[in-house]
Amino acid sequence: MAEAGSFADRVKQQADIVRVVGEYVRLKKTGQNFTGLCPFHQEKTPSFAVHPTKQIYHCFGCGKGGDVFQFVMELEKSTFPEAVRTVAEKCGIAIPRPRERSPEERKENQQRSALVEMHREASAFFARQLHESAEGKVAYAYLEDRGLNKEAITRFDLGFAPSAGDALFRFLKQKYPEKLLEVSGIVSRDQNGNRFYDRFRRRIMFPISNEAGKVIAFGGRAMGDDMPKYMNSPETPIYSKSNVLYHLDRAKEALRQSDFGVLVEGYMDAIAVARAGVGNVVASCGTSLAEPQTKLLARFTRRIVVNYDPDTAGQAATERSLALLLEKEFDVRVLALPGGADPDKFIKEQGVEAYKKLLMQAPPYLDYLISRARLMDRTTTDGKVAALDFLMPYVQRLPNRLLRSEWATRIASELRVDEPVLRASLRRAADERRSKVNPKAELLTPAVKRAERQLIRMLFEAEEFREKLAREIANDDLHRGLETAKIFESLFVTIAKNERPDAAVLGAALEEKDRRLLFEILFESLPEATWDDAASCLDFLRSRHLEHELAELQKQLEAKPAPDELRRIVIRRLELQKLLASH
């Protein structure tokens, strides 16, 4: 508690709680108070209020409340003296000479200050190398070829690490001891421990800054075929990669004002998007999002468009990041750029306006995940279960039970899950927050349509048109993708030999699942079949094939194809729709 007349009391009297809290929570004026989403618990409807006159805060949801110091202590997990200092710094209040620190505290503080200063000098060194050295000019030309002009290179403080193995080390050792240089992560020792060398060599350098804009690490992109392509600073006393987002120091105000952020993978993507006029962009630097990074984002916005690279690694990173963002109740959309392009490439080739248009049209994360599940083989029950199991971990992450139920209903509808048992298993898994559907195998009867069953019976019993029927099915590949495909194939082999199908012989050659299905069909009671009946069943299977092709064309349309390909798809789609209408 701040005693009357103390420095803490003076800070409390001069501090503006709305300004301090507003750096962590997006506040909106509501009457005489300010309201926002509580930073201490997950919620979607604002129940957190700040009273500017009484200089207090209170959450009507979780019950937390207090003054400006209590708020900083709770959120930053800091002590009271640390909170007083933080509030004073944020409000521009001069801080008196601090108490005498212990030798260990003084040493740690001096080390951190020295490391920050060292990184500032290293950043300036790399910038000089880029502009003044011979090989730096080659790197400069490379950046220009990538579309970066002088303004962009200066704006983002880009530099170049020379090829010489110890150029930076020789520059810094004039001022800093070798032990501190090693701790910095900027230089390393050789295996024998006898010689120091620069960690970054022959690389384009991207300074990584903390939220306050202080350079605390570097990312280096290799020139030529050097590996790895990208290299980051290691963990140091001033840098932890899971606590930093590239470009956040420049994006803070844009994030607050627009109330949404764009999350990309790497430095060049962040730079390209920022130069396109979308300043509210941050990068996770090649890795999927970590929980501390989501907390950083939540201080500015809870609306995120994830725009990672569309390659396999990018898709995996997108899905890992989505899971974490969903758990933290972010409003998430996903922008998967067409043509396999990353943001940097797309903006260069298609232009700023095309990118901004797609950004504003980015689909909600559920639509993105369902589109991924649609790419899986769902022609069998096992395939449908696999598609649902792909989606269930994301459903599981949703804290809200009602929302999980809504997701389950939507997923069943979008993936055309018609089997009652499978739909029921999906709802139970969502309700119980399970990561797999796990339906009981004995309850999952094959999704075999009546037409399939009739055709199999006809191939056994209709001697007058058995061969003709087998040719019709096999030539048009109408059995492909059916639950009964293996049974049909066995029948085709037998009929091609001019042999009458024998149920016992065929059953013995089939897997257990198919054998049971065959016998179930043969034990059904059906009237004697005619060719008209067979033709009707064949029409049904042809319609099914047309519907599957239509579904594939829809997937291609969602991928935003090139104009010529788009025209082909639209024409074929119209043809299929006419054919279906005629069936």
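From a predicted model like this one, the values you see are computed outputs, not experimental measurements.

Calculation notes
Residues numbered from 1 in each chain as written. Predicted model: local features only at pLDDT ≥ 70, side-chain atom pairs only at ≥ 80, totals over all residues. Heavy atoms only, no water. Helix = DSSP H or I, 4+ residues; strand = E, 2+ residues; numbered from the N terminus. Rg over C-alpha atoms; globule rule 2.2 N^0.38 Å. Buried < 20%, exposed > 50% of the residue type's maximum accessible area, 1.4 Å probe, protein only. Contact = heavy atoms within 4.5 Å. Lys, Arg positive; Asp, Glu negative; His and termini not counted. Charge placed at Lys NZ, Arg CZ, Asp CG, Glu CD. Patch = residues over 30% accessible without salt bridge, like charges linked within 9 Å, V, L, I, M, F, W, Y side chains within 5 Å. Areas by Shrake-Rupley, 256 points an atom, 1.4 Å probe, with all protein chains shown as cover. Salt bridge = Lys/Arg side-chain N within 4 Å of Asp/Glu carboxyl O. Pairing = 2+ DSSP bridges. Arc of directions from axis to C-beta. Polar contact = N/O pair within 3.5 Å; in protein donor to acceptor, adjacent residues only side chain to side chain. Core = buried A, V, L, I, M, F, W, Y, C linked by side-chain atoms within 4.5 Å. Axes fitted to C-alpha atoms, helices over the stretch in contact; angles between N-to-C directions. Phe/Tyr/Trp six-rings, centres within 6.5 Å; stacked < 30°, edge-to-face > 60°. Lys NZ or Arg CZ within 6 Å of the ring centre and 35° of its normal. Parallel < 35°, antiparallel > 145°, perpendicular 65-115°, else oblique. Left-handed = near helix turned anticlockwise from the far one by under 90°. Nonpolar A, V, L, I, M, F, W, Y, C, P; charged D, E, K, R; others polar.

### A closer look at the overall build of the protein chain
A tally of helices and strands in the protein chain yields 26 helices and 15 strands. The globule rule puts the C-alpha radius of gyration for 583 residues at 25 Å, and the 32 Å found for the protein chain is more than 25% above it. By its C-alpha atoms, the protein chain is 105 × 60 × 50 Å across when sized along the principal axes. For the protein chain, the proportion of its 583 residues judged to be buried stands at 45%. Restricting the contact set of the protein chain to residue pairs at least 6 apart, pairs at least 24 apart contribute 63%. Averaged over its 92 positive side-chain charges, the protein chain has a centre that lies 5 Å from the centre of its 86 negative ones.

### Some words on unusual backbone geometry
For Glu-329, which is not glycine, the phi torsion reads 60° and is therefore positive. Mapping Glu-329 onto the fold places it in the loop between helix 13 (312-327) and strand 15 (331-334). Residue classification places Glu-329 among the buried residues on the basis of a relative accessible area of 16%. The phi angle at Asn-498 is positive, at roughly 60°, despite the residue not being glycine. Position of Asn-498 among the secondary structure elements: in the loop between helix 22 (485-496) and helix 23 (503-509). Judged by relative accessible area, Asn-498 falls into the exposed class, the value being 62%.

### Regarding a nonpolar patch on the surface
Side chains of Leu-566, Val-570 and Leu-574 sit close together on the surface and give an oily, nonpolar patch of about 230 Å² of accessible area. Relative to the elements of secondary structure, Leu-566 occurs in helix 26 (residues 563-582). Of the residues examined, Leu-566 reaches a relative accessible area of 35% and is grouped as partly exposed.

### Some words on the pattern of salt bridges
Applying the stated criterion to the full structure yields 28 salt bridges. Two residues, Asp-344 and Lys-348, come together in a salt bridge whose shortest N-O distance is 2.3 Å. Of this pair, Asp-344 and Lys-348 both sit in helix 14 (residues 343-350), 4 residues apart, which is roughly one turn of that helix. Close ionic contact of Lys-513 with Asp-514 constitutes a salt bridge, the shortest N to O distance being 3.6 Å. Judged by its relative accessible area of 48%, Lys-513 is partly exposed. One salt-bridge network, in which partners are shared between bridges, spans Asp-367, Arg-374, Arg-410 and Glu-414.

### Some details on the pairing of strand 3 (residues 48-51)
Within a regular strand, the side chains alternate between the two sheet faces. Side chains Phe-48 and Val-50 project from strand 3 onto one buried face, and the interleaved Ala-49 and His-51 project onto a second face that is buried too. Bridge analysis of strand 2 (residues 33-36) against strand 3 gives 3 bridges, and the strand direction is antiparallel. When the sheet's bridge partners are listed, Thr-35 is paired in strand 3 with Ala-49. As defined by bridge partners, strand 3 adjoins strand 4 (residues 56-59) across 4 bridges and the pair is classed as antiparallel. Looking at strand 4, one finds that Ala-49 is bridged to His-58.

### Quick notes on helix 3 (residues 68-76)
When helix 3 is considered as a whole, its buried residues turn out to be Val-68, Phe-69, Phe-71 and Val-72. Down the axis, helix 3 shows its buried residues gathered within 160° of arc, on one side only. At its buried positions, helix 3 is contacted by helix 1 (7-14), helix 2 (17-22), strand 3, strand 4 and helix 4 (80-90). Capping the start of helix 3 is the job of one residue whose side-chain oxygen sits 3.1 Å from the backbone nitrogen of Phe-69: Asp-67.

### Some details on the nonpolar core
Ranked by size, the top nonpolar core spans 67 residues in total, and within it Leu-158, Tyr-246 and Tyr-355 carry the most contacts. Residues in contact with Tyr-246, not counting those within four places in the same chain, are Phe-206, Pro-207, Ile-208, Tyr-267, Ala-270, Ile-271, Val-281, Val-282, Ala-283 and Cys-285. Judged by nonpolar contacts, the second largest core, of 48 residues, contains Leu-289, Leu-296, Tyr-368 and Ala-387.

### What to know about the sheet that holds strand 14 (residues 303-306)
Pairing within the open sheet is parallel, and its 4 strands lie in the order 13-12-14-15. Lying at the two open borders of the sheet, with one neighbouring strand each, are strand 13 (281-283) and strand 15. Averaged over all pairs of adjacent strands, the angle between their axes in this sheet comes to 25°, without regard to strand direction. Bridge count between strand 12 (residues 261-264) and strand 13: 3 bridges; the pairing is parallel. Across the sheet, Leu-263 pairs through a bridge with Val-282, a residue of strand 13. In the packing of helix 11 (residues 267-275) onto the sheet, the strands contacted are strand 12 and strand 13, and the crossing angle to strand 13 comes to about 175°.

### Focus: the sheet that holds strand 4
An order of 1-2-3-4-5 is seen for the 5 strands of this open sheet, with the pairing classed as antiparallel. Looking at the sheet topology across the chains shown, the edges are occupied by strand 1 (28-30) and strand 5 (65-66). Packing against the sheet, helix 3 makes contact with strand 3, strand 4 and strand 5, and its axis sits at approximately 50° to strand 4.

### Side note on the packing of aromatic side chains
Applying the stated criterion to the full structure yields 20 aromatic pairs. Measuring from ring centre to ring centre gives 5.8 Å for Phe-48 and Tyr-57, while their planes differ by 35°; the resulting arrangement is tilted. Considered together, Phe-48 and Tyr-57 belong to a single accessibility category, that of buried residues. Relative to Phe-126, the ring of Phe-125 has its centre 5.9 Å away and its plane inclined at 65°; by these criteria the two rings are edge-to-face. Judged by its relative accessible area of 6%, Phe-125 falls in the buried class. Connected via pairs of aromatic rings, a cluster forms that spans Tyr-24, Phe-40, Phe-48, Tyr-57 and Phe-71. It is Lys-64 that lies over the ring of Phe-40; its NZ or CZ is 5.9 Å from the centre.

### Regarding the packing of helix 20 (residues 450-461) against helix 21 (residues 466-475)
In the contact formed by helix 20 and helix 21, the axes pass within 8 Å of each other and the chain directions differ by 140°. In terms of their interaxial angle, helix 20 and helix 21 are classed as oblique. Read as a crossing pair, helix 20 and helix 21 show a hand that is left-handed. Here Leu-455, Met-458, Leu-459, Phe-460 and Glu-461 of helix 20 lie close against helix 21, whose contacting residues are Arg-466, Leu-469, Ala-470 and Ile-473. When grouped by side-chain class, the residues that make up the contact of helix 20 with helix 21 number 7 nonpolar, no polar and 2 charged.

Shape is all these values report; function is a separate question.
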